[in-house]
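Single-letter residue listing:
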Amino acid sequence: MSTDLKTATKLAVPGKGGRRRLTYPWILLIIAGALVALSVLRAVTGTADLTSTGQFGAALSAAVPIGLAGLGGLWSERAGVVNIGLEGMMMLGSFAAGWVGWQHGPWAAALAGIIGGALGGLIHAVATVTFGVDHIVSGVAVNILALGATQYLATLWFGQEGSAAMAAGGNDKQSPPMPDMPSFTVPGLSDALNSLEAHHWFLVSDLAGILGAAVTNVSWLTLLTIALFVGTFFVLWRSSFGLRLRSCGEAPVSAESLGVNVYSYKYAAVLVSGALAGLGGAFLSIGVHFYQDGQTGGRGYIGLATMIFGNWRPGGVAMGAGLFGFMDAMQLRSGGPTVHALLLGLAALLAVIALLKVRAAKRTQAALSAVAAVVLIGWYFLADTVPLELVEASPYIATLLVLALSAQRLRPPKANGRPYRRGQGT
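Describing the layout of surface pockets
Roughly 730 Å³ of volume is contained in the second largest pocket. Together, 34 residues line the second largest pocket, and Ser 61, Ala 62, Phe 283, Gly 287 and Val 288 are the ones closest to its centre. Where the lining of the second largest pocket is concerned, the elements lending two or more residues are α3 (53-78), β2 (218-219), α10 (220-237), α13 (262-288) and α15 (314-333). The leading source of residues in the lining of the second largest pocket is α3, at eight residues. For the lining of the second largest pocket, the per-class residue count stands at 15 nonpolar, 14 polar and five charged.

Below you can see the structure in the form of structure tokens.
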């Protein structure tokens, strides 16, 4: 049966003429190249914060909720259910965490966030799997319902005159504060890396700054998120359960003919999707110690973009979340000067893309890339900083650029978003 399922999941694999698959050595080479590029950029521009422990620590924290949302989208869409309701599920998770957290602490808040997000996933699963509602319509409805429900319940539970929540510091826009989530620091190693970073040596100090972020004041929820990414890979790609779930997203009719209960697997995937997004929302509430209206800030949509950029694979989602987390942290920490330094890096990247397009005989794309590189170089030398409006929009601009550059190599699950009814293949 497993052999037949593997055949079903390979129905949509591109032919021999497709792009070369990235192997682990190539991925490591890309990461090493990115580190060298950042070191060169830091040395040329003199922007020390570009590779500092503070910058990458903030980037790691910013990447967690985005990565959890993207991972949630991956679970759902691998089973064939499009989930643009991730934003709403994050809202439910952040609200539930704020509600439980001020009364029972941060760990209970994390559990409440998982349950709140799973509730949103259940609504989406009932609508799409059981009743056959269009997946996009259902996802939009979940987002709208979550926004309205959290605002109403916040007024009712946190902002009611004379309530214990209001006495503890809550109001109709936010919950009372909750205690700190424990974090860990590796003693000795953290101090040694910080000392190396302070010397500003080429590559060595940059690597020390990046590694220092992984051993200094790291939340236990961040470690849990890393474990969830690793676990997702092994569950979906190294187990019979994962094989059956992915077959539901590639060829549900074939999977059903082999005895797979497609409805059950779709339900399980969407529930896990909502739970992961809810945990991402809970991370936001726990990080600032309270739930606040508008807290998710579109991170569910950015998580959806990381899933697409990552080609529906956990490793790709992690890389995308790291990139968007880096941009988000950069605009919050250092603002214009650091974004200004990245203009030079982006210009160099576009110049390389232009050369690659010339080799591929794609002259129009090569010309556009070259012109954009020249414009960015001119902008870098003619201005000392970047306007605040562009700094604040930099994570979203990065989202659009990355999706535009990666669009040609994407392959979603073949039956993703398609309506499915039990017995339709008979």
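A look at the packing of aromatic side chains
On inspection of all chains with the given rule, the structure shows 12 aromatic pairs. Arranged with centres 5.4 Å apart and planes meeting at 40 degrees, the rings of Phe 95 and Phe 158 form a pair that is tilted. Here the residue Phe 95 occupies a position in helix α4 (residues 86-104), and Phe 158 occupies one in the loop between α6 (135-157) and α7 (164-167), the gap between them amounting to 63 residues. Neither residue differs from the other here; Phe 95 and Phe 158 are each classed as buried. Taken together, a centroid distance of 5.4 Å and an interplanar angle of 80 degrees make the contact between Phe 233 and Phe 234 edge-to-face.

Points about helix α14 (residues 299-309)
Most of α14 sits inside the fold, with nine of its 11 residues counted as buried. Listing the buried residues of α14 in full gives Arg 299, Gly 300, Ile 302, Gly 303, Leu 304, Ala 305, Thr 306, Met 307 and Phe 309. Looking at the residues trailing α14, positive phi occurs at Asn 311, about 60 degrees.

Considerations on a nonpolar patch on the surface
On the surface, Trp 107, Trp 220, Leu 223, Ile 226, Val 230 and Phe 234 cluster together into a nonpolar patch covering about 590 Å² of accessible area. With five residues, α10 is the largest single contributor of residues to the nonpolar patch. Within the element layout of this structure, Val 230 appears in helix α10.

So, the environment of Ala 79
For Ala 79, the location among the structural elements is in the loop between α3 and α4. Distance from Ala 79 to Tyr 267, taken between C-alpha atoms, is 8.9 Å for residues 188 residues apart in sequence. Ignoring any residue separated from it by four or fewer positions in sequence, one finds Ala 79 in contact with Leu 245, Cys 248, Gly 249, Tyr 265, Lys 266 and Ala 269.

Notes on the nonpolar core
Side chains of a nonpolar character, in soluble globular proteins, are inclined to be buried together. Formed by 48 residues in total, the largest nonpolar core has its most connected members in Leu 74, Trp 75, Leu 221, Leu 236, Leu 245, Ile 286 and Met 307. Breaking this core down by element, the ones donating at least two residues are α3, α4, α5 (106-130), α10, α11 (240-250), α13 and α14. At 13 residues, α13 tops the list of elements feeding residues into this core. Each residue touching Met 307, except ones within four places of it in the same chain, is listed here: Gly 70, Gly 73, Leu 74, Glu 77, Trp 312 and Val 317.

Definitions and cut-offs
Residues numbered from 1 in each chain as written. Predicted model: local features only at pLDDT ≥ 70, side-chain atom pairs only at ≥ 80, totals over all residues. Heavy atoms only, no water. 1 Å grid on protein atoms, 1.4 Å probe; cavity = no way out; pocket = protein on both sides within 12 Å on 5 of 7 lines; lining within 4 Å. Points joined across faces, edges and corners; volume = space filled by probe spheres on them. Helix = DSSP H or I, 4+ residues; strand = E, 2+ residues; numbered from the N terminus. Nonpolar A, V, L, I, M, F, W, Y, C, P; charged D, E, K, R; others polar. Phe/Tyr/Trp six-rings, centres within 6.5 Å; stacked < 30°, edge-to-face > 60°. Buried < 20%, exposed > 50% of the residue type's maximum accessible area, 1.4 Å probe, protein only. Patch = residues over 30% accessible without salt bridge, like charges linked within 9 Å, V, L, I, M, F, W, Y side chains within 5 Å. Areas by Shrake-Rupley, 256 points an atom, 1.4 Å probe, with all protein chains shown as cover. Salt bridge = Lys/Arg side-chain N within 4 Å of Asp/Glu carboxyl O. Contact = heavy atoms within 4.5 Å. Core = buried A, V, L, I, M, F, W, Y, C linked by side-chain atoms within 4.5 Å.

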